[in-house]
Amino acid sequence: MRLVRLTDLADQDSALAALEAIFFASTTRTDFASAAERAAFLATWTGWFVAHAPADLWFALAEDGTIAGYLTGCKDSAGATPLDRTIPRYEVFADHFAAYPAHFHVNVRPGWRDRGIGRLLVDRFAEDCRADGLPGLHLVTGIFARNVAFYERAGFTDALQRGPLLFLGRRLC
């Protein structure tokens, strides 16, 4: 498995099409009133990252070139405007952004899961954040989400619950 930044890919359009396919294969929302509503949903969760942090968008490429997964990252959660107005409830854990400034979203294509690809992507982004001198990174998920155990195994041990949301942080230094 090879990890490549969006900015280093020759065919970025194909990579973004793969990101879209993986995103919709991974999301729990499947019903949209229109193509425009579906596109807006994708833009809410991925658009800012593609437009403002393409060097922090990583793809996992299999030997045959198949994109098996992706990670969208942001290294400055507090300064990422208009992300704070785009992603629902983004501000709920803003008081923890100083200690854990970076955040990410990761998804792996069905059929490629449970092979360590998500962990490779998370660890690669964590390495970048550490090299940039960031003290930590975080993610937000649901308290009963199936991905909680995955993140705990990946070193996200600092947890805080607010309502149905769970903040998981990983210290980098």
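Here is a short report on the structure shown in this document. This is a predicted model, so every value here is computed, not measured.

**A short note on the packing of aromatic side chains**
Given two aromatic rings, one states the distance between the centres and the angle between the planes to describe the pair.
At step 1: What the rule picks out here adds up to 13 aromatic pairs.
At step 2: Plain terms: the ring middles of Phe104 and Tyr151 are 6.0 Å apart, the flat faces sit at 65° to each other, and that makes the pair edge-to-face. Taken together, the positions of Phe104 in strand β4 (residues 102-108) and Tyr151 in helix α5 (residues 148-153) put the pair 47 residues apart, joining distant regions of the chain. Per residue, the accessibility class of Phe104 equals that of Tyr151, and both read buried.
At step 3: Each ring, one from Phe150 and one from Tyr151, has its centre 4.9 Å from the other, and the planes form 70°; the classification is edge-to-face.

**Thoughts on the pattern of salt bridges**
Any two side chains of opposite charge can pair, given that their charged atoms come close.
At step 1: Taken as a whole and assessed by the stated rule, the structure comprises 11 salt bridges.
At step 2: The salt bridge partner of Asp158 is Arg171, with a shortest N-O separation of 3.1 Å. Separated by 13 residues along the polypeptide, Asp158 in strand β6 (residues 158-162) and Arg171 in strand β7 (residues 165-171) bring together distant segments of the chain.
At step 3: Shared partners join several salt bridges into a network, and the residues in it are Arg5, Arg124, Glu127 and Asp128.

About the criteria used
Residues numbered from 1 in each chain as written. Predicted model: local features only at pLDDT ≥ 70, side-chain atom pairs only at ≥ 80, totals over all residues. Heavy atoms only, no water. Phe/Tyr/Trp six-rings, centres within 6.5 Å; stacked < 30°, edge-to-face > 60°. Helix = DSSP H or I, 4+ residues; strand = E, 2+ residues; numbered from the N terminus. Buried < 20%, exposed > 50% of the residue type's maximum accessible area, 1.4 Å probe, protein only. Salt bridge = Lys/Arg side-chain N within 4 Å of Asp/Glu carboxyl O.

It is worth stressing that arrangement in space is one thing and function is another; only the former is reported here.
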